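Fold and contact review
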Amino acid sequence: MNGVEQVTVPRAVRGYPGVAFGGYVAGLLAGRAVGRTVRVDFRLPTPVEVPVELAGDGDGGAVLTGGDGVLATATAGELDLDVPEPPSWDEASAAAEAYRADPPEGTVDCFGCGLDRTPDTGLRQHCGIIPGRDLVATAWSAGPALADAEGRLRPEMVWGALDCPGNAAGRMLGTQREGSVTASLTARVLRPVPASSPLLSYAWVLDETGRKHRLGVALAAPDGDLYALASALWLDPRRP
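The following refers to the structure shown.

Quick notes on the rules
- Residues numbered from 1 in each chain as written.
- Predicted model: local features only at pLDDT ≥ 70, side-chain atom pairs only at ≥ 80, totals over all residues.
- Heavy atoms only, no water.
- Helix = DSSP H or I, 4+ residues; strand = E, 2+ residues; numbered from the N terminus.
- Expected span 1.5 Å × (residues − 1).
- Buried < 20%, exposed > 50% of the residue type's maximum accessible area, 1.4 Å probe, protein only.
- Arc of directions from axis to C-beta.
- Contact = heavy atoms within 4.5 Å.
- Phe/Tyr/Trp six-rings, centres within 6.5 Å; stacked < 30°, edge-to-face > 60°.
- Lys, Arg positive; Asp, Glu negative; His and termini not counted.
- Salt bridge = Lys/Arg side-chain N within 4 Å of Asp/Glu carboxyl O.
- Polar contact = N/O pair within 3.5 Å; in protein donor to acceptor, adjacent residues only side chain to side chain.
- 1 Å grid on protein atoms, 1.4 Å probe; cavity = no way out; pocket = protein on both sides within 12 Å on 5 of 7 lines; lining within 4 Å.
- Points joined across faces, edges and corners; volume = space filled by probe spheres on them.
- Nonpolar A, V, L, I, M, F, W, Y, C, P; charged D, E, K, R; others polar.
- Pairing = 2+ DSSP bridges.
- Axes fitted to C-alpha atoms, helices over the stretch in contact; angles between N-to-C directions.

**Some points on helix α2 (residues 89–101)**
- In this model α2 runs 18 Å from its N-terminal to its C-terminal C-alpha over 13 residues, within 8% of the 18 Å that 1.5 Å per residue would give.
- The complete set of buried residues in α2 reads A92, A95, A96 and Y99. An end-on view of α2 places all buried positions within 100° of arc, on one side of the element. Seen from the buried face of α2, the exposed residues on the opposite side, beyond 90 degrees, are D90 and A101.
- Check the buried side of α2 and you find it contacts β6 (128–129), β7 (136–140), α4 (164–173) and β9 (199–209).

Written as structure tokens, this is what we have:
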């Protein structure tokens, strides 16, 4: 599908102030791309409340364009992850409570991980450390406002749930600094996600070099059955 579609990201679906939430943007692009595994590369921040153009690229991918040029692209991706065993529901719930009790510095009102979001206004990816394991995780569920007409989590919300956990892993388990941004997100959605069901999100560090931090992320049912996987590249802000 190569036709041009005009989209406007609502103000509530922000990551940093005035900037659209990256996981949501990635999901919009992935919906226009062909292939089981899709890689989204972010070129420029996508603004909220400003119409931008989403189109196929004629080669199975997609391009998001704004007034300043290309904002993000989607292409066929590759994903080869060794996925750790998931934490238990109780472990993930305790980790989420610990995160909310003592959030990292620089926490903002992000659609993906904002502390004041409800199940209908955000994804609440409050990932805390799992004691004794190199994992961060959270236990959560989504409200009906984030679901499609069939009660499934909308694709852009599934992609959104694969974004913030990587940031938490980089900040809490690695050397990633405050103010980092998602440079790319490569994901594979394995099956539909029932919006009303309990969900586990968990993430781990893959490798780190300088400003670059590569994180693995998984979305699963409480029994560990996987819904989606991702590899995320986060970039630290440049030092002054």
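**Re the packing of aromatic side chains**
- One pass over the structure, following the stated rule, counts two aromatic pairs.
- Ring geometry for F21 against F111: centres 5.9 Å apart, planes inclined by 50°, an arrangement best described as tilted. Linking F21 in the loop between β1 (5–7) and α1 (22–30) with F111 in the loop between α2 and β6, this pair joins segments that are 90 residues apart in sequence.
- What makes F21 buried here is its relative accessible area of 2%.
- Relative to W204, the ring of Y202 lies with its centre 5.9 Å away and its plane at 35°, an arrangement referred to as tilted. Residue Y202 shares its accessibility class with W204, and that shared class is buried.

**Regarding the side chain of R188**
- Looking at the element boundaries, R188 is found in strand β8 (residues 181–189).
- Buried charge without a partner: R188 forms no salt bridge, and the closest opposite charge is D80, 7.5 Å away.
- Here T37 takes part through its side chain, which lies 2.8 Å from a polar atom of the side chain of R188.

**Quick look at the layout of surface pockets**
- Volume-wise, the largest pocket comes out at about 670 Å³.
- As for the largest pocket, its lining consists of 35 residues, and the residues nearest its centre are Y16, S180, V181, T182 and W234.
- When residues of the lining of the largest pocket are traced back to their parent elements, those giving at least two are α1, α4, β8 and β11 (226–235).
- Counting residues per element, the lining of the largest pocket draws most heavily on α4, which supplies four residues.
- Class assignment for the residues of the lining of the largest pocket results in 19 nonpolar, ten polar and six charged.
- As a volume, the second largest pocket reaches approximately 290 Å³.
- As for the second largest pocket, its lining consists of 19 residues, of which A30, P155, V158, W159 and V189 are closest to the centre.

**Overview of the pairing of strand β3 (residues 52–56)**
- Within β3, four of the five residues are buried, which leaves it mostly tucked inside the rest of the structure.
- Between β3 and strand β4 (residues 62–66), which follow one another and run antiparallel, lie five residues, and G58 among them has a positive phi close to 85°.

**Comments concerning the pattern of salt bridges**
- All told, the structure shown has ten salt bridges when counted by the stated rule.
- We note a salt bridge from D109 to R117, for which the minimum N-O separation is 3.0 Å.
- Taking relative accessible area as the criterion, R117 reaches 10% and is therefore assigned buried.
- Within this structure, R14, D109 and R117 form a network of salt bridges that share partners.

**Topic: the sheet that holds β11**
- Ordered by their spatial adjacency, eleven strands build an open sheet running β1-β3-β4-β5-β2-β8-β11-β10-β9-β7-β6, and the pairing between neighbours is antiparallel. Edge positions in the sheet fall to β1 and β6, since each has one partner strand and no second.
- Pairing geometry for β7 and β9, over five bridges, is antiparallel. What sits directly across from V136, in β9, is A203.
- Against the sheet, α1 touches β2 (37–42), β3, β4, β5 (69–76) and β8, its axis set at about 130° to β2.
- Seen against the sheet, α4 touches β6, β7, β9, β10 (212–220) and β11 and runs at an angle of roughly 55° to β9.

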